[in-house]
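Chain by chain, the residues run as shown.
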Amino acid sequence: MLTEAQKKHLRRLAHPLQPIVTLGNAGLTDAVVKELERALEDHELVKVRARAPDREQRDAWLAELARRTRGILVQRIGNVAVIYRADPALPRIVLPD
């Protein structure tokens, strides 16, 4: 789990980022999970755009996506979410204590 200070730090870092992964009409597929896995390995902090028919479906997709990738859902604003997963071997983002 992250502290509020750590989440705030990650939100600040994510602000200028563009969404890399998009959940579309097909929903949460294995291909989307695989793409986010690759993106988290490369970047640790990733924005995801989710185009779902309703808010409940979007929230469920994003929560499941974070769970399946072992990531942390830092925030969700509208259709865009920020997911974080530290690289255990070579962390590139230093979180405040």
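A brief structural summary. (Residues numbered from 1 in each chain as written. Predicted model: local features only at pLDDT ≥ 70, side-chain atom pairs only at ≥ 80, totals over all residues. Heavy atoms only, no water.)

1. Structural notes on the pairing of strand β4 (residues 80–84)
Moving on, step 1. Of all five residues that make up β4, five are buried, and the element is covered over most of its length.
Moving on, step 2. Burial along β4 is two-sided: the residues Val80, Val82 and Tyr84 and Ala81 and Ile83 are all buried.
Moving on, step 3. Sheet topology places strand β2 (residues 45–50) next to β4; five bridges connect them, and they run antiparallel. Among the inter-strand pairings, Val46 is bridged to a residue of β4, identified as Ile83.
Moving on, step 4. Bridging between strand β3 (residues 72–77) and β4 involves five bridges; their strand directions are antiparallel. Bridge pairing links Ile72 to Tyr84 in β4.
Moving on, step 5. The antiparallel hairpin formed by β3 and β4 contains two residues in its connecting segment, where Gly78 sits at a positive phi of about 60 degrees. (Buried < 20%, exposed > 50% of the residue type's maximum accessible area, 1.4 Å probe, protein only. Helix = DSSP H or I, 4+ residues; strand = E, 2+ residues; numbered from the N terminus. Pairing = 2+ DSSP bridges.)

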